[in-house]
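What follows is each chain in one-letter form.
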Amino acid sequence: MTSTLEVVGHRIADYLDQPIKGYEPFTPSTPDALRSTLRAGDVLLVEGNTRISSVIKYLTQSTWSHAALYVGRIGDRETPDGEPLTLVEANLGEGVVAVPLSKYFLYHTRICRPTGLSPEDRRRVCAFAAERIGFDYDPQNVIDLARYLFPLPMPARWRRRMIALGSGEPTRVICSVLIAQAFEAVRYPILPKIAQIEGESAKRDIMHIQHSSLYAPRDFDISPYFDVVKPTLANGFDHRAFQWADFANADSGAERASLPERDCDRVDFSFPAAQSDATRARTFDPQA
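Keep in mind the model is a prediction, meaning the values are calculated, not measured.

A closer look at the packing of aromatic side chains
So, point 1. Counted under the stated rule, the structure contains 5 aromatic pairs.
So, point 2. Plain terms: the ring middles of F183 and Y188 are 5.8 Å apart, the flat faces sit at 50° to each other, and that makes the pair tilted.
So, point 3. The interplanar angle of 85° and the centroid separation of 5.6 Å between the aromatic rings of F220 and F226 together place this pair among those described as edge-to-face. With respect to class, F220 is no different from F226; both count as buried.
So, point 4. An aromatic cluster is defined as three or more aromatic residues linked by ring pairs; in this entry it consists of F183, Y188, F220 and F226.
So, point 5. The ring of F128 has R132 sitting right over it, with the charged end atom 3.4 Å from the ring centre.

Considerations on unusual backbone geometry
So, point 1. One non-glycine residue, R187, lies in positive phi territory at about 60°.
So, point 2. Structurally, R187 is set in the loop between α7 (175-184) and β6 (193-198).
So, point 3. Using a relative accessible area of 64% as the deciding quantity, one classes R187 as exposed.

Considering the nonpolar core
So, point 1. V43, L69, F183, I190, F220 and F226 are the most contacted members of the largest nonpolar core, which totals 30 residues.
So, point 2. Those elements giving two or more residues to this core turn out to be β1 (43-46), β2 (66-70), β3 (87-91), β4 (95-99), α4 (119-130) and α7.
So, point 3. Setting aside residues no more than four positions away along its own chain, F226 makes contact with V43, C112, R113, P114, F183, Y188, P189, I190 and F220.
So, point 4. Counting 15 residues, the second largest nonpolar core, distinct from the first, contains L38, A68, I111 and V229.

Looking at the pattern of salt bridges
Opposite charge on two side chains permits pairing when their charged atoms draw close.
So, point 1. Counted under the stated rule, the structure contains 9 salt bridges.
So, point 2. Between E120 and R123 there is a salt bridge, with its nearest N and O atoms 2.9 Å apart. Taken as a pair, E120 and R123 lie in helix α4 at a separation of 3 residues, close to a single helical turn.
So, point 3. Taking relative accessible area as the criterion, E120 reaches 41% and is therefore assigned partly exposed.
So, point 4. Residue R123 is classed as partly exposed on the basis of its relative accessible area of 46%.
So, point 5. For the salt bridge of D238 with R240, the shortest nitrogen-to-oxygen distance reads 3.0 Å.
So, point 6. The exposure class of D238 is partly exposed, given its relative accessible area of 34%.
So, point 7. With a relative accessible area of 69%, R240 lands in the exposed category.

Examining the pairing of β2
So, point 1. With 5 of its 5 residues buried, β2 lies for the most part within the structure.
So, point 2. Burial along β2 is two-sided: H66, A68 and Y70 and A67 and L69, pointing in opposite directions, are all buried.
So, point 3. As defined by bridge partners, β1 adjoins β2 across 4 bridges and the pair is classed as antiparallel. Within β2, the position partnered with L44 by the bridge is A68.
So, point 4. Both β2 and β3 contribute to a ladder of 2 bridges, which runs antiparallel. Counterpart to L69 in the pairing with β3 is V88.

Conventions used here
Residues numbered from 1 in each chain as written. Predicted model: local features only at pLDDT ≥ 70, side-chain atom pairs only at ≥ 80, totals over all residues. Heavy atoms only, no water. Phe/Tyr/Trp six-rings, centres within 6.5 Å; stacked < 30°, edge-to-face > 60°. Buried < 20%, exposed > 50% of the residue type's maximum accessible area, 1.4 Å probe, protein only. Lys NZ or Arg CZ within 6 Å of the ring centre and 35° of its normal. Helix = DSSP H or I, 4+ residues; strand = E, 2+ residues; numbered from the N terminus. Core = buried A, V, L, I, M, F, W, Y, C linked by side-chain atoms within 4.5 Å. Contact = heavy atoms within 4.5 Å. Salt bridge = Lys/Arg side-chain N within 4 Å of Asp/Glu carboxyl O. Pairing = 2+ DSSP bridges.

Everything listed here is a matter of geometry and, on its own, says nothing about what the molecule does.
Have a look at this one:
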């Protein structure tokens, strides 16, 4: 019976893991900036392009459908092209695997960084995830998997439970569960429940860590204990060096004339008289 459930589960997983045609990230990652910004212990959120990604984004009302933990080079593991494997993640149908950073260069991503972790705690978080490489994904709970085939509208209070997929066996995990468990190992909070207890002299806040199966990728984004790090800004951004479209170019004049007039088109972006005619001719591109 177990083998039959696994076969059915794997088939459903294969279907859900198929990419949706026409996916285009709004802001794909800049490889060099992403590579130079990531630190061990950072959580990389990903806007996926598969069928199950779209369902997770609906259930969590979020841009993010997947999470991976950046641990740095894992021993001498690398791709056939010689790129080091630096991310640990749990994938549908694969289980816990190590992958190269280049896997997500073409995706919209976000870096969430835990604050205040000591080097030793960072090492323990990364080691926890790396030691679980080879663990299975959970294909046995076919009923849970089948729910993702029918993303029907449902009350918000039920959506979190829909994410809690899996049999609960310690060797069968999903992406957010793996990372949540890694941070739980060093008692680092993500979205703990806080209970106030009335004491004789003052109130104390007692943090209750949620069950790891209830975490979703977006929780690292909205957590008050993780910084959002944007590689474009972290590596130095000068807006004056940004290349804007110039409607003064002759080849864009026809396109400009065909655009309907809007309020922003009537704003006077006049430059001081001391500037050159060429400089005064430049305007902002309302389509940028």
